[in-house]
Amino acid sequence: MTTAATMPNIAPSSQSDPLQLIDVDYVRFHVGNAKQAAFFYAHCFGFQIEQVSDLTTGSRDSATYLLTQGNIRFLLTSGLTVEHPASMEVAMYGDGVKDVAFTVFDAERAFDRAVKNGASVAPGGEPRTIRDTHGTVTTASIRTYGRCIHTFVSRTGRYDLPTIKQGGVFSPSFKRLDGGIANIPSDGAVGCAPQSGMGTSILSINDYNRKNPCGLKYVDHLVGNVELGKMNHWVKFYEDVLEFKMFMHFDDKDISTEFSALMSKVMSSGNGLIKMPINEPAEGKKKSQVQEFLDWHCNTPGVQHLALRTDDELHSIAALRSRGVDFLTLPPAYYDKVWDRVNTMLKQHGHEAVREDHNRVRDLGILVDSDDEGYLLQLFTKPLQDRPTLFFEIICRRGAQSFGKGNFKALFEALELEQERRGNL
Ligand code: FE2
């Protein structure tokens, strides 16, 4: 049973497969105010505000902050001009996910293969390489559902992924905010000093987060919401274009309450590293949570939630709650039945019972579920912005590879309560 939240290793022989996805290189959010969003994710979720690309580094049309925690890299981008796509997309959708980027061995080859498989090129997504004396970063992007894209990223020299994970500069257009490793490209535009005015506050929040970690390790899965009747279209897209396989699926009998329902298919990359469930609404007496998302997202598909993996759910949830993160509240009756349900199944399959303190699990409001491989602990935040769109899931797997099917009913009832409060049920 795997308990440590470490990424699987990729065998060198797999370099011959152009669509071999090595890692989630980054998740880019388009946000209304990247500087302020950086502080929200740092304060509430414990991210390090590491690097920036903005006017001071020669970026004239957008500002981007790199936030990191474990092996999670978020890019928060705001447009500085009305023409920048982030400005228009924030006006349409509010803050949300724009790009789920994959590290590959050769971005151009991955892109060519995806296009040959039927992908559309994202606007401005043709392969390009930026370089300086330290190395190169090559990117190429294809479209997926809605206005979301997937960027393939390959890196050389000081910009390779192992160096980035050690705090190296993300690409030639970035600079560190804490006076760390200097990045001095040939044009000399980028230095290593902390930014005046922001340096002190960033240093103090980063220092606090280093001393008080939230324990988030990497992106476990990313869920997309698509329109009614479009799930199978996007399943086929991931099968054909990115050569993913269907890992599991749920229909409205699995995921429904008296009032609302959804259907979901989980797509997985060839090596199992990247999991991308796709949801569509299903008919119910009242509005599906997927339809609520679409209603507030210009009826356009998009990323509904990111699941962030931890080795210690109790520690992570306690830390996030103490920082002010709002989580979904479950009906207290949930804990009357959960231990019997979960531990009976674990025993049937010869696994250890849930080892976390049951009272603490209940007091922290954490959900528990099991499958034939083990159990998992999970909890969902409320929306991260005013619109009921993107949220996070905090997940810890003790062997289980599923997604919490046993919690769907309790969870949906909790979600419906929230929808009702918003007048959206
Ligand atoms: Fe999830």
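Everything here concerns the structure above.
This report concerns the structure included in the present document. (Residues numbered from 1 in each chain as written. Predicted model: local features only at pLDDT ≥ 70, side-chain atom pairs only at ≥ 80, totals over all residues. Heavy atoms only, no water.)

### Observations concerning the overall build of the protein chain
- Assigned secondary structure in the protein chain consists of eleven helices and 17 strands.
- A burial count over the protein chain gives 56% of its 425 residues as buried.
- In the structure as shown, the protein chain presents an accessible area of about 17500 Å², 51% of it carried by carbon and sulfur atoms. (Helix = DSSP H or I, 4+ residues; strand = E, 2+ residues; numbered from the N terminus. Buried < 20%, exposed > 50% of the residue type's maximum accessible area, 1.4 Å probe, protein only. Areas by Shrake-Rupley, 256 points an atom, 1.4 Å probe, with all protein chains shown as cover.)

### Examining the coordination of the iron ion
- Each protein donor to the iron ion is listed here as His221 (NE2), His305 (NE2) and Glu393 (OE); together their distances run 2.0 to 2.2 Å.
- One chain supplies every donor to the iron ion, and in sequence these donors are spaced H-x83-H-x87-E. Taken together, the residues His221 in strand β10 (residues 216-225) and His305 in strand β14 (residues 302-310) connect sequence positions 84 residues apart. His305 carries the same exposure label as His221, and that label is buried. (Donors = N, O, S within 2.8 Å, 3.2 Å for Na, K, Ca; no water.)

### Re the pattern of salt bridges
- This structure, assessed with the given rule, holds 19 salt bridges.
- Residue Lys236 pairs with Asp240 through a salt bridge whose shortest N-O separation is 2.7 Å. In this pair, Lys236 and Asp240 both sit in helix α6 (residues 231-240), four residues apart, roughly one turn of the helix.
- Accessibility expressed as a relative area gives 47% for Lys236, which makes it partly exposed.
- One salt bridge in this structure joins Arg398 and Glu356, with 2.8 Å as the shortest N-O distance. With Arg398 in strand β17 (residues 391-398) and Glu356 in the loop between α9 (334-348) and α10 (358-363), the pair connects residues that are 42 residues apart, well separated along the chain. Grouping residues by exposure puts Arg398 and Glu356 together as buried.
- Several salt bridges converge on common partners, so that one network encompasses Asp23, Arg73 and Lys165. (Salt bridge = Lys/Arg side-chain N within 4 Å of Asp/Glu carboxyl O.)

### Notes on the side chain of Asp132
- Its location among the elements puts Asp132 in strand β6 (residues 128-132).
- With no salt bridge to any partner, buried Asp132 finds its closest opposite charge in Arg158, at an N-O distance of 7.1 Å.
- A distance of 2.4 Å separates a polar atom in the side chain of Asp132 from a polar atom in the side chain of Tyr159. (Lys, Arg positive; Asp, Glu negative; His and termini not counted. Polar contact = N/O pair within 3.5 Å; in protein donor to acceptor, adjacent residues only side chain to side chain.)

### A few points about the environment of Val97
- Along the chain, the position of Val97 falls in strand β5 (residues 96-103).
- Taking the C-alpha atoms as reference points, Val97 and Gln304, separated by 207 residues in sequence, lie 8.7 Å from one another.
- Filtering out sequence-adjacent residues up to four positions away, Val97 remains in contact with Val27, Arg28, Phe29, Cys148, Val303 and Leu390. (Contact = heavy atoms within 4.5 Å.)

### Concerning the side chain of Glu313
- Summarising the element assignment, Glu313 is placed in helix α8 (residues 313-322).
- One buried charged side chain, Glu313, makes no salt bridge at all; its nearest oppositely charged neighbour is Arg398, positioned 8.1 Å away.
- Setting aside anything within four residues of it in sequence, one finds Glu313 in contact with Ile366, Leu377, Gln378, Leu379, Ile394, Ile395 and Cys396.

### So, empty space enclosed by the protein
- Summed over the entire model, instances satisfying the criterion amount to three cavities of 30 Å³ or more.
- By volume, the largest cavity is sized at about 250 Å³.
- Lining the largest cavity are 22 residues; nearest its centre among them are Asn279, Gln304, His305, Phe380 and Phe408.
- Of all elements in the fold, only β10, β12 (261-268), β13 (275-282), β14, β16 (374-380), β17 and α11 (408-421) reach the threshold of two or more residues within the lining of the largest cavity.
- Partitioning the lining of the largest cavity into residue classes produces 14 nonpolar, seven polar and one charged.
- In this structure, the second largest cavity encloses a volume near 140 Å³. (1 Å grid on protein atoms, 1.4 Å probe; cavity = no way out; pocket = protein on both sides within 12 Å on 5 of 7 lines; lining within 4 Å. Points joined across faces, edges and corners; volume = space filled by probe spheres on them. Nonpolar A, V, L, I, M, F, W, Y, C, P; charged D, E, K, R; others polar.)

### Quick look at the packing of aromatic side chains
- Counting across every chain of the model gives 20 aromatic pairs.
- Between Trp234 and Phe237 the ring centres are 5.1 Å apart and the planes differ by 65 degrees, which places this aromatic pair in the edge-to-face class. You can see Trp234 and its partner Phe237 sitting in helix α6, three residues apart, about one turn around the helix.
- Overall, the relative accessible area of 11% leaves Phe237 in the buried class.
- An aromatic cluster is built from Phe29, Phe40, Tyr41, Phe45, Phe47, Phe74 and Phe392, whose rings are joined through pairwise contacts. (Phe/Tyr/Trp six-rings, centres within 6.5 Å; stacked < 30°, edge-to-face > 60°.)

### Notes on α11
- Under the 1.5 Å per step criterion, the end-to-end length of α11 is 20 Å for 14 residues, consistent within 8% with the ideal 20 Å.
- Among all positions of α11, only Phe408, Ala410, Leu411, Phe412, Ala414, Leu415, Glu416, Glu418 and Gln419 are buried.
- With its phi angle positive at about 70 degrees, Gly423 sits one or two positions after the end of α11. (Expected span 1.5 Å × (residues − 1).)

### Topic: the pairing of β14
- With nine of its nine residues buried, β14 lies for the most part within the structure.
- The pairing of β10 with β14 spans eight bridges and is antiparallel. Paired with Val219 across the two strands is Leu308, which belongs to β14. (Pairing = 2+ DSSP bridges.)

### Looking at the sheet that holds β6
- Judged by pairing direction, the sheet is mixed, and its nine strands sit side by side in the order β6-β7-β8-β5-β1-β4-β3-β2-β9 without closing on themselves. If you trace the sheet from one side to the other, it starts and ends with β6 and β9 (175-176), each paired once.
- Bridging between strand β2 (residues 48-53) and strand β3 (residues 62-69) involves five bridges; their strand directions are antiparallel. Paired with Gln51 across the bridge in β3 is Leu66.
- Where helix α1 (residues 34-45) meets the sheet, it contacts β1 (23-30), β2, β3 and β4 (72-79), and its direction lies at approximately 10 degrees from that of β3.
- Lying over the sheet, helix α3 (residues 107-116) contacts β7 (135-143) and β8 (149-155), oriented at roughly 15 degrees with respect to β7. (Axes fitted to C-alpha atoms, helices over the stretch in contact; angles between N-to-C directions.)

That's the geometry; what it means functionally is another story.
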